[in-house]
Amino acid sequence: MSEHSFSQLPLSTALLENLTSLDYQQMTPIQAQSLPAILAGKDVIAQAKTGSGKTAAFSLGILHHLNVKRFRVQALVLCPTRELADQVAVEIRRLARFIHNIKVLSLCGGTPIGPQIGSLEHGAHIIVGTPGRVDDHIRKQRLDLSELKLLVLDEADRMLEMGFKEELDSVVEASPAERQTLLFSATFPSQIQWIASSVLRKPEHIKVESTHNQQAIKQHFYHVALADRVDALRRVLLEKQPQAAVVFCNTKQQVQEVASELAVHGFSALALHGDLEQKARDQALVRFANHSVSILVATDVAARGLDIQALDLVVNFQVAHDTEVHIHRIGRTGRAGSEGLACTFFDDKDDYKMALLGDYLGYDLPTTALPDVTILNQQPQPAPMMTLQIDGGKRQKLRPGDILGALTGEQGIAGDQVGKIKVMANTAFVAVTRKAFKPALKRLESGTMKGRKFRVRVLRG
Ligand code: ADP
Ligand code: MG
């Protein structure tokens, strides 16, 4: 038995076998450190960077303590955005797939409330949701937390940052005093102290140091005045030609401006921030993930919904407000052994932040010269794929196989011309190579799926 094997935990055989079948061979550091306390029923504050496996840590806690025979809400997980809540619900269901009749319900804003009311009437064991919507259901007495045993605040720092403090207070108020509370966060700003002291009881505080191998991320720092940064960004992008890059800005307005400027100059770029409609955010994430958009310009909060294995470039259009956020941003590149690159623009106003960052990294930050200005004569590379949107989804019983079949059947396009297929509630997205997109569009428009015709459009701009 290896040092961090799950089998040293008092988990049921069903859970352990499922972990093996999911190829979770070892606990991650945050899991190894937090799970003993979580399973023992203690309150825990756990801090670790994105991608460190926090979801499974609290999900295993939930499943361990759950009494499936008692059909009442026993666990509630609050997340800052719908995307994150969806990811958490998926992970819980995966971890619970050997437990029969378990009901996990999502309650998020930005989705119709009617079906949620219906589902609540049917009951659930575990609720995953965003604070506003969950609070709304509690106030309207549709959600009864009287048998809640476990409350999880995931990405608590972001929830506070997004202004959910009142809703959090209100949900805590509606929860039984006798309960276990777990707080997860990537960073630990001072606001969290408030929750830690008022909401948790004698919490165990677990922190896993940023274990990211510094060697795996190359950092370049460019001294550029704010007014010259769009040009600087174009030069960096033309030189590096990333397939998947995220450009971080500190405000929504800056995000919008930078994304528009890039688009004007022919880059395959989209904006991602919290003021966009849910539909636009979904589309941006899908198109980025399926390689039909190469560059996302994003705020820190919005970028949390990203589920991308490896970015090849992260650009800090502005230096992050604090060091932890910087480390968090650049931690998204260079995953899984591949070397990543993080480029940061700064000017004299950033002296203080840069000094702190240098202290943290333990070396003087070297500055790099921008690629030569003549590179601006080059044309940006288009993204390799294009996205077709179909006006039908799960509700219309469309499955990825139907779409693939319609595209590749007799006289169709070759299977290797089709990329990711994402089916959502009422819509579906399929990526095809640029070369194949015209015949692909024609086939979907003229053919049928599930015995009927669907409208199809190409997503551009
Ligand atoms: P965090 O919430 O800390 O940002 P996640 O919980 O989303 O990170 O985990 C990141 C990824 O790691 C997920 O794809 C998850 O399925 C995977 N993962 C988590 N724990 C393990 C493990 N013990 N072994 C292998 N993969 C794991
Ligand atoms: Mg998480």
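Residues numbered from 1 in each chain as written. Chains lettered and ligands numbered in written order. Predicted model: local features only at pLDDT ≥ 70, side-chain atom pairs only at ≥ 80, totals over all residues. Heavy atoms only, no water.

### What to know about the overall build of the protein
Within the protein one finds 17 helices and 17 strands. Taken over the C-alpha trace, the protein has a radius of gyration of 23 Å; the compact-globule value for 461 residues is 23 Å, and the two agree within 12%. By its C-alpha atoms, the protein is 65 × 65 × 50 Å across when sized along the principal axes. Looking at the protein as a whole, 54% of its 461 residues qualify as buried. Within the protein, contacts between residues separated by at least 24 positions form 75% of all contacts whose residues are at least 6 apart in sequence. Put simply, the protein shows about 21,300 Å² of open surface, and 50% of that area lies on carbon and sulfur atoms. Mean positive and mean negative side-chain charge positions of the protein (54 and 49 charges, respectively) differ by 9 Å. (Helix = DSSP H or I, 4+ residues; strand = E, 2+ residues; numbered from the N terminus. Rg over C-alpha atoms; globule rule 2.2 N^0.38 Å. Buried < 20%, exposed > 50% of the residue type's maximum accessible area, 1.4 Å probe, protein only. Contact = heavy atoms within 4.5 Å. Areas by Shrake-Rupley, 256 points an atom, 1.4 Å probe, with all protein chains shown as cover. Lys, Arg positive; Asp, Glu negative; His and termini not counted. Charge placed at Lys NZ, Arg CZ, Asp CG, Glu CD.)

### A short note on the site of ligand 1
Around ligand 1 lies a shell of 14 residues, among which Tyr24, Gln26, Gln31, Gly51 and Thr55 are the nearest. Measuring from an oxygen atom of ligand 1, one finds a backbone N or O atom of glycine 53 at 3.1 Å. In the model, an oxygen atom of ligand 1 is placed 3.3 Å from a nitrogen or oxygen of the arginine 94 side chain. Here ligand 1 has 570 Å² of accessible area as a free molecule, and 71% of this is covered by the chains. For the shell around ligand 1, the secondary-structure elements that each account for two or more residues are helix H3 (54-65) and helix H4 (82-95). Considering only residue class, the shell around ligand 1 consists of two nonpolar, eight polar and four charged. (Near = heavy atom within 4 Å. Polar contact = N/O pair within 3.5 Å; in protein donor to acceptor, adjacent residues only side chain to side chain. Nonpolar A, V, L, I, M, F, W, Y, C, P; charged D, E, K, R; others polar.)

### Quick look at the domain arrangement of the protein
By the assigned domains, the protein splits into domain 1 (6-207), domain 2 (217-377) and domain 3 (385-459). Averaged C-alpha coordinates put domain 1 and domain 2 at centres separated by 31 Å. Listed by partner, the interface residues are 16 residues for domain 1 and 13 residues for domain 2. Considering only the side of domain 1, the residues that lose the most area to domain 2 are Thr50, Glu83 and Arg158, jointly responsible for 39% of the buried surface there. Summed over the shared surface of domain 1 and domain 2, the number is two salt bridges. Residue glutamate 83 pairs with arginine 281 through a salt bridge whose shortest N-O separation is 3.9 Å. The tally of links from domain 1 across to domain 2 stands at three residue pairs in polar contact (both at pLDDT 80 or more). Among the secondary structure elements, those contributing two or more residues to the side of domain 1 that touches domain 2 are H4 and helix H7 (156-161). When its residues are assigned to classes, the side of domain 1 that touches domain 2 shows four nonpolar, five polar and seven charged. (Domains from an automatic or database assignment. Buried area = accessible area lost by both parts, 1.4 Å probe. Salt bridge = Lys/Arg side-chain N within 4 Å of Asp/Glu carboxyl O.)

### Section: empty space enclosed by the protein
Empty pockets left among the atoms are what a rolling probe the size of a water molecule brings to light. Taken as a whole and judged by the stated rule, the model has six cavities of 30 Å³ or more. If you go around the second largest cavity, the residues you meet are Arg158, Phe248, Asp300, Ala303, Arg304, Val325, His328, Arg329 and Arg332. Broken down by secondary-structure element, the contributors of at least two residues to the lining of the second largest cavity are helix H13 (300-303) and helix H14 (323-330). Residue contributions to the lining of the second largest cavity peak at three residues, all from H14. Residues that form the lining of the second largest cavity fall into these classes: three nonpolar, one polar and five charged. (1 Å grid on protein atoms, 1.4 Å probe; cavity = no way out; pocket = protein on both sides within 12 Å on 5 of 7 lines; lining within 4 Å. Points joined across faces, edges and corners; volume = space filled by probe spheres on them.)

### Overview of the sheet that holds strand E1 (residues 44-47)
Across the sheet, seven strands lie side by side as E3-E4-E2-E5-E6-E1-E7; this open sheet has parallel pairing. In this open sheet, the two edge strands, each paired with only one partner strand, are strand E3 (104-107) and strand E7 (204-207). Direction aside, the axes of adjacent strands within the sheet are offset by 15 degrees on average. Bridge count for E1 against E7 is four bridges, and the pairing is parallel. Bridged to valine 44 within E7 is glutamate 204. (Pairing = 2+ DSSP bridges. Axes fitted to C-alpha atoms, helices over the stretch in contact; angles between N-to-C directions.)

### Details of the pattern of salt bridges
Under the defined criterion, the tally for this structure stands at 20 salt bridges. Here glutamate 178 and arginine 201 are joined by a salt bridge, their closest N and O atoms 3.7 Å apart. Of this pair, glutamate 178 sits in the loop between helix H8 (165-174) and strand E6 (180-185) while arginine 201 sits in the loop between helix H9 (191-199) and E7, and the two are 23 residues apart along the sequence. Owing to a relative accessible area of 47%, arginine 201 belongs among the partly exposed residues under this scheme. Residue aspartate 300 is joined to arginine 329 by a salt bridge in which the shortest nitrogen-to-oxygen separation is 2.8 Å. Placement of the pair is aspartate 300 in helix H13 and arginine 329 in helix H14, with a sequence separation of 29 residues. Per residue, the accessibility class of aspartate 300 equals that of arginine 329, and both read buried.

### Quick notes on the pairing of E1
Neither face of E1 is left uncovered, since the one carrying Val44 and Ala46 and the one carrying Ile45 and Gln47 both have all their residues buried. As paired strands, E1 and E6 are joined by four bridges and run parallel to one another. For valine 44, the partnering residue across the bridge sits in E6 and is leucine 182.

### Some points on the pairing of strand E9 (residues 245-248)
Side-chain alternation along E9 places Ala245 and Val247 on one buried face and Val246 and Phe248 on a second face that is also buried. In this structure, E9 lies alongside strand E12 (residues 313-316), joined through four bridges in parallel fashion. Following the sheet pairing, phenylalanine 248 is matched in E12 by asparagine 316. Here E9 runs beside strand E11 (residues 295-298); their pairing, made up of four bridges, is parallel. Residue pairing in the sheet places alanine 245 in a bridge with isoleucine 295 of E11.

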